[in-house]
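Commentary on secondary and tertiary structure
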Amino acid sequence: IATLLATLLVFVPGVGLHANGATRWINLGFTTVQPAEFLKIGFILALAWWLAPRARQLPNYRQGLLPFIGILALPTALLLAQPNTSTAMLIIVTGAVMYFAAGAPWRDFGILSLCALIGFGAIVLIRPYVLERVQTFLDPSANSLSSGYQIQQSLIAIGSGGFLGRGFGQSVEKFNYLPEPDGDSVFAVFAEETGFLGAMILLALFVALAARGIVIAGNSRELFGGLVALGFSFIIILQAFVNMGAMLGIIPLTGLPLPFVSHGGTALMAVLLMCG
């Protein structure tokens, strides 16, 4: 409830900060805070609290699927209104993983997948920037000086890193070429400076972190603790994969930061809280 209310504050005039076509931040005067990062924590804790005592009731769609969709709907609606489509998708996928880990029937998988496809199609039709990102993903070279510029420069940076990279601090693309070099595009800069070897080590560290979290979830003595550990581990590794995949052109650009690496105090605080 606290994280939902904090997320609602971004819509209050004079409190919420509008930038880059989105209203996602709270202006505290001396700094800004992005409450959606804490909403991830609140959502996982609340969903685990709801799922733990109802694991055996989930096959009944009235006690499982319908309330689960209701729990997803509120944070998703708030995030889409900002708009923050990428974080909404993170929450939906993480929630689905926790739902099935708690014992939901595979019957619900088809229903949720169909709902997700319909919802994504509607977002693409309603929001031109989402459609533009999908079109850029399908043909990155079509608009190399506009919508495809970031992915073009990202691929140049990653490719020029070679196997061992240019060396720490020696990136060329981060100087006036690559947009958001300390934010969304930081993986491209990292790959340019450390090469294929450094990128693989970073990927291995994320996988090891997620694996450790899943081991903690498996060893938990209660379902609530296991679901919390699984949810936190999954959302961190999913966000890392989405960020790196977007920079490699494997998936459409999302605007999600790379956990622990991208500049941004709220995002770093949130993932450190999850690890704790």
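Relevant structure appears above.
These numbers come from a predicted model, not from an experiment.

Another aspect to go through is the overall build of the protein chain. Counting secondary structure elements, the protein chain contains 10 helices and three strands. Going from N to C terminus, the protein chain has its helices and strands arranged as α-β-β-β-α-α-α-α-α-α-α-α-α. Its C-alpha atoms give the protein chain a radius of gyration of 19 Å, within 12% of the compact-globule value 19 Å for 276 residues. For the protein chain, the C-alpha atoms occupy an extent of roughly 55 × 45 × 40 Å along the three principal directions.

Taking 1.5 Å per residue, 25 residues should reach 36 Å; helix α9 (residues 223-247) reaches 36 Å between its end C-alpha atoms and fits that length. Burial runs high along α9: 20 of the 25 residues are buried. Two residues or fewer after α9 comes Gly-249, characterised by a positive phi angle close to 80°.

Our next topic: helix α3 (residues 65-81). Relative to the 24 Å expected for 17 residues at 1.5 Å per residue, α3 spans 24 Å between its end C-alpha atoms, a close match to the ideal helical length. At Ala-73, α3 shows its largest kink, close to 25°, and the proline Pro-75 lies no more than four residues downstream. What α3 keeps buried is the set Leu-65, Phe-68, Leu-72, Pro-75, Thr-76, Leu-78 and Leu-79. Considering only its buried residues, α3 is in contact with α1 (2-8), α2 (35-51), α4 (85-101) and α5 (107-126).

It is worth spelling out the nonpolar core at this point. Leu-47, Leu-51, Leu-58, Phe-68, Met-98 and Tyr-99 are the most contacted members of the largest nonpolar core, which totals 34 residues. Elements with a contribution of two residues or more to this core: α2, α3, α4, α9 and α10 (265-275). Ranked by residue count, the leading element in this core is α2, at nine residues. Excluding its chain neighbours within four sequence positions, the residues that come into contact with Phe-68 are Leu-47, Trp-50, Gly-95, Ala-96, Tyr-99 and Leu-112. Counting residues in each nonpolar core, the second largest holds 19 residues, with Leu-178, Val-189, Phe-206 and Met-244 among its members.

Attention now goes to the environment of Asn-60. In this fold, Asn-60 is placed in the loop between α2 and α3. Taking C-alpha positions, Asn-60 is 48 Å from Ala-191, a pair spaced 131 residues apart along the chain. Within the local environment of Asn-60, its side chain forms a polar contact with the backbone nitrogen of Arg-62, the two atoms lying 3.0 Å apart.

Our focus in this paragraph is the pairing of strand β1 (residues 16-19). Sheet analysis places β1 next to strand β2 (residues 22-27), joined by four bridges and oriented antiparallel. If you follow Ala-19 over to β2, its bridge partner there is Ala-22. Counting the residues that bridge the hairpin from β1 to β2 gives two residues, and of these Asn-20 lies at a positive phi of roughly 55°.

Turning to the sheet that holds β1, a few remarks are in order. The sheet built from three strands is open, its strands ordered β1-β2-β3 with antiparallel pairing. Looking at strand neighbours, the two that pair on one side only are β1 and β3 (32-33), the edges of this open sheet. Alignment of β2 against β3, held across two bridges, turns out to be antiparallel. Note that in β3 the partner of Ile-26 across the bridge is Val-33.

On to the packing of aromatic side chains. We describe a pair of aromatic rings using the distance from one ring centre to the other and the angle between the two ring planes. Following the criterion strictly, the structure yields seven aromatic pairs and no others. Consider the rings of Phe-206 and Phe-260, whose centres lie 6.4 Å apart with planes at 35°: the pair is tilted. Taken as a pair, Phe-206 in helix α8 (residues 186-219) and Phe-260 in the loop between α9 and α10 lie far apart in primary sequence, 54 residues in all. With a relative accessible area of 4%, Phe-206 lands in the buried category. By the ring-pair criterion, three or more aromatic residues cluster together here, those being Phe-68, Tyr-99, Phe-100, Trp-106 and Phe-109.

Bringing the pairing of β2 into the picture now. The side chains of a regular strand alternate between the sheet's two faces. Counting buried positions along β2 gives five out of six residues, so the element sits mostly inside the fold. Taking the residues between adjacent antiparallel strands as the criterion, β2 and β3 are bridged by four residues, where Gly-29 takes a positive phi near 95°.

Right, let's talk about the environment of Glu-173 for a bit. Inspection of the secondary structure assignment puts Glu-173 in the loop between α7 (149-160) and α8. A sequence separation of 13 residues divides Glu-173 from Ser-160, and the C-alpha atoms of the two residues are 9.4 Å apart. Every residue in contact with Glu-173, bar those within four places of it in the chain, is listed here: Gln-153, Ile-156, Ala-157, Leu-178 and Glu-192.

Another aspect to go through is a nonpolar patch on the surface. Taken together, the side chains of Phe-163, Leu-164, Phe-196, Leu-197, Met-200, Ile-201 and Leu-205 present a nonpolar region at the surface, about 730 Å² in accessible area. By the element assignment, Leu-164 lies in the loop between α7 and α8.

Thresholds, definitions, all that
- Residues numbered from 1 in each chain as written.
- Predicted model: local features only at pLDDT ≥ 70, side-chain atom pairs only at ≥ 80, totals over all residues.
- Heavy atoms only, no water.
- Helix = DSSP H or I, 4+ residues; strand = E, 2+ residues; numbered from the N terminus.
- Rg over C-alpha atoms; globule rule 2.2 N^0.38 Å.
- Expected span 1.5 Å × (residues − 1).
- Buried < 20%, exposed > 50% of the residue type's maximum accessible area, 1.4 Å probe, protein only.
- Bend = angle between axes of the 7 residues up to and from the residue.
- Contact = heavy atoms within 4.5 Å.
- Core = buried A, V, L, I, M, F, W, Y, C linked by side-chain atoms within 4.5 Å.
- Polar contact = N/O pair within 3.5 Å; in protein donor to acceptor, adjacent residues only side chain to side chain.
- Pairing = 2+ DSSP bridges.
- Phe/Tyr/Trp six-rings, centres within 6.5 Å; stacked < 30°, edge-to-face > 60°.
- Patch = residues over 30% accessible without salt bridge, like charges linked within 9 Å, V, L, I, M, F, W, Y side chains within 5 Å.
- Areas by Shrake-Rupley, 256 points an atom, 1.4 Å probe, with all protein chains shown as cover.
- Salt bridge = Lys/Arg side-chain N within 4 Å of Asp/Glu carboxyl O.

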